[in-house]
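# Descriptive structure summary
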Amino acid sequence: MSDWRTWFPFLAEPQPLSPHYLDNAATTQIVRPALDALIRAEVQLRANVHRAVHARGEAATQALEQARTAIAAAFGVVAEEIIFTSGTTHALNLLANGLGAGLQPGDQVVVSALEHHANLLPWQQLVRTCGIRLVAVPVDGDGTLSLTALAQAITPRTRVVALGHASNVTGAVLDVAAVRAMSAAVGAKLVLDGAQMARHGPVDLMALGVDAYACSGHKLFGPTGIGVLWAKADLLATLPPLLVGGSMIRQVTLDSATWADPPRRFEAGTPPIAAAIGLGAALQWLATQDHAAMLDHEARLTQRLLEGLAQISAVRVLGPGVNGARIGVVSLEVAGAHPHDVCQILDRHGVAARGGHHCCQPLMAALDLDGTTRLSTAPYTSQADIDAALTAIDDAVRTLT
Ligand SMILES: Cc1ncc(COP(=O)(O)O)c(C=O)c1O
């Protein structure tokens, strides 16, 4: 049993619900320092930010801005480029809406059939509002994105390439260097949906060489309702806001307004102050951990899971195998059984898995599946969790097929 388990309060409960929690791709559990920071922010620092002249308001503002700095440091960027959002969905909507303002009819945005709806629908909106062409690169029968097909889809009319850094269905990790070379060759912006990959870092955004990155606090051992959009300062400077109102202005008259500089331009209204402070603490905690050991722990458990699943003949696993570029997100199909039925049986064994389309309906359509059963690991996952999942899947196969 690894030391990481001691950092997660849910494991200290006498009888935790779903004790074998393998739905980490949906939401990870909160880490103690993030929970402590969240509580402190709500109790000791609760006040509005950026406009108060009293001590409590100033302390809240300082804590919020320190969180921004900590988050920026975790991703190797500067604080002015970090925008607080409610999550990846909000971040990608903000970005697509802003980029759309500079696109012309016929300009192309390239995505893939693997994308989460959060990285598809905001670009689809631009087809309607700006007349762009949305090109979705197909995947093979296993759910794998081919770089050759991607290279063919990127043309001189491509202005944006927007892809998941890691798939929330197959766990496949994108070859960012290869994609960056393709997008740079035509001068396209490279946007990554980092919802799944951000915690498998450290993610050094400067080294990755991308233009924008989105992620969610609740998948980073932090609070819910908080996320981050990062984009290069010169890109942010060109973007209009998605939301307008208080806190994001320079000057307002009855019939006009001018915007504040980023990041404030994109943070209209009262931000999720305590959640942002909690996320800062989560990322500070993550930065102190042995990343290599953490990744190795999850890789070993994923290997155990994949090897166990290979022994069950009614089960087919999508995406990369043990040696592929992957994270601990494993989607499987039980021949002849609906994933919701599989998940119900897993639940009886105390195993929390996710069954369904995982907000990737076009992928499911391409693979001709109703959905998959998805198991996903975290640093606090134990061998016992994996073994319980394998026993439960065996039971599901016996019961349902
Ligand atoms: C790859 C991917 N992108 C985007 C999202 C959306 O994240 P959120 O619901 O936190 O906005 C998710 C969440 O499941 C995801 O897995």
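Details of the structure are given in the entry above.
Residues numbered from 1 in each chain as written. Predicted model: local features only at pLDDT ≥ 70, side-chain atom pairs only at ≥ 80, totals over all residues. Heavy atoms only, no water.

Taken together, four strands build an open sheet; the order of strands is β11-β12-β15-β14 and the sheet is antiparallel. Since the sheet does not close on itself, it has two edges, and those belong to β11 (315–317) and β14 (354–356), each with one partner. Along the sheet, successive strands turn relative to each other by an average axial angle of 30 degrees, direction set aside. With three bridges connecting them, β14 and strand β15 (residues 372–376) associate as antiparallel partners. The residue bridging Arg354 from the neighbouring strand is Arg374, located in β15. Across the sheet, helix α10 (residues 291–310) is in contact with β11, β12 (329–334) and β15; its angle to β12 comes to roughly 10 degrees. (Pairing = 2+ DSSP bridges. Helix = DSSP H or I, 4+ residues; strand = E, 2+ residues; numbered from the N terminus. Axes fitted to C-alpha atoms, helices over the stretch in contact; angles between N-to-C directions. Contact = heavy atoms within 4.5 Å.)

Every residue close to the ligand is listed here: Gly87, Thr88, Thr89, His116, Ala118, Asn168, Asp193, Ala195, Gln196, Ser216, His218 and Lys219. A distance of 3.4 Å is found between an oxygen atom of the ligand and a side-chain nitrogen or oxygen belonging to His116. Contact between the ligand and Ser216: an oxygen atom at 2.6 Å from a side-chain N or O atom of the residue. Relative to its free-state accessible area of 390 Å², the ligand is covered by the protein chains to the extent of 84%. (Near = heavy atom within 4 Å. Polar contact = N/O pair within 3.5 Å; in protein donor to acceptor, adjacent residues only side chain to side chain. Areas by Shrake-Rupley, 256 points an atom, 1.4 Å probe, with all protein chains shown as cover.)

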